[in-house]
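Letter by letter, the chains look like this.
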Amino acid sequence: VQLQASGGGLVQPGGSLRLSCAASGRTITRYSVGWFRQAPGKERTFVAAIKWNDRSINYANSVKGRFAITRDTAENTIYLQMNSLRPEDTAVYYCVADPSVITSSLGSPTAYRYWGQGTQVTVSS
């Protein structure tokens, strides 16, 4: 599975962006999918994920109510709608996928075998 993330850019505080992650090589319908981010000098952290079998969705507390993760199975694509962006949301955002993630590990980067290349999001005035 290859993942290609896009949609990052420079946005002012309070603005919105939608990230996309196109999967190729295999249909990811039965894969749990998600997003992580990494700010300069910091560890990679969980943002959001969808578990494939029960479609449960988890969000990091820092993005709840502002970000929304969705998937389009027909397009084999994952999305992350980001609203009310803050300077602290500045990071490289990575999409992830794996067929075998258990619920308790949705927020763990080591649970995902497939990673996209990352797309930069900068929130600044």
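Residues numbered from 1 in each chain as written. Predicted model: local features only at pLDDT ≥ 70, side-chain atom pairs only at ≥ 80, totals over all residues. Heavy atoms only, no water.

J.: So what's going on with unusual backbone geometry? Residues and values would help.
T.: The backbone of Asn76 shows a phi angle near 55 degrees, a positive value even though the residue is not glycine. Here the phi dihedral of Ser84 falls at roughly 50 degrees; this positive angle occurs in a residue that is not glycine. Assignment of secondary structure puts Ser84 in the loop between strand E8 (77-82) and strand E9 (91-98). For Ser84, a relative accessible area of 41% translates into the label partly exposed. (Helix = DSSP H or I, 4+ residues; strand = E, 2+ residues; numbered from the N terminus. Buried < 20%, exposed > 50% of the residue type's maximum accessible area, 1.4 Å probe, protein only.)

J.: Lay out the pairing of E9 with the relevant residues and their values.
T.: Regular strands place their side chains on alternate faces of the sheet. Of all 8 residues making up E9, 7 are buried, and the element is well covered by its neighbours. When E9 meets strand E10 (residues 114-115), the two strands line up antiparallel, connected through 2 bridges. By the bridge assignment for E10, Ala97 is matched with Tyr114. (Pairing = 2+ DSSP bridges.)

J.: Which residues make up the side chain of Asn76, and what values go with them?
T.: Within the secondary structure, Asn76 sits in the loop between strand E7 (67-72) and E8. A relative accessible area of 12% places Asn76 in the buried class. Engagement of the side chain of Asn76 in a polar contact is seen with the backbone oxygen of Arg26, the distance being 3.1 Å. Filtering out sequence-adjacent residues up to four positions away, Asn76 remains in contact with Cys21, Ala22, Ala23, Ser24, Arg26, Thr27 and Ile28. (Polar contact = N/O pair within 3.5 Å; in protein donor to acceptor, adjacent residues only side chain to side chain. Contact = heavy atoms within 4.5 Å.)

J.: Please set out the state of the cysteines residue by residue, giving values where relevant.
T.: With the rule as written, the count across this model stands at 1 disulfide. Here Cys21 connects covalently by a disulfide to Cys95, the sulfurs 2.1 Å from one another. Here the disulfide of Cys21 and Cys95 is right-handed, its torsion about the S-S bond being about 65 degrees. With a gap of 74 residues between them, Cys21 in strand E3 (residues 17-24) and Cys95 in strand E9 connect regions that are remote in the sequence. Comparing Cys21 with Cys95 shows no difference in burial state: the two are buried. (Disulfide = S-S within 2.5 Å.)

J.: How would you sum up the environment of Glu88? Please name residues and give values.
T.: Mapped onto the fold, Glu88 is located in the loop between E8 and E9. For the pair Glu88 and Ser124, spaced 36 residues apart in the sequence, the C-alpha separation amounts to 9.4 Å.

J.: With reference to specific residues and values, describe the sheet that holds E7.
T.: The 4 strands lie next to each other as E1-E3-E8-E7, forming an open sheet whose pairing is antiparallel. Both edges of this open sheet fall to strand E1 (2-6) and E7, since each of them pairs with a single strand only. For this sheet the average axis-to-axis angle between neighbouring strands, irrespective of direction, equals 15 degrees. Where E1 and E3 come together, 5 bridges link them in antiparallel fashion. Along E3, the bridge assignment pairs Gln4 with Ala22. (Axes fitted to C-alpha atoms, helices over the stretch in contact; angles between N-to-C directions.)

Bear in mind that shape data such as this cannot, by itself, settle questions of function.
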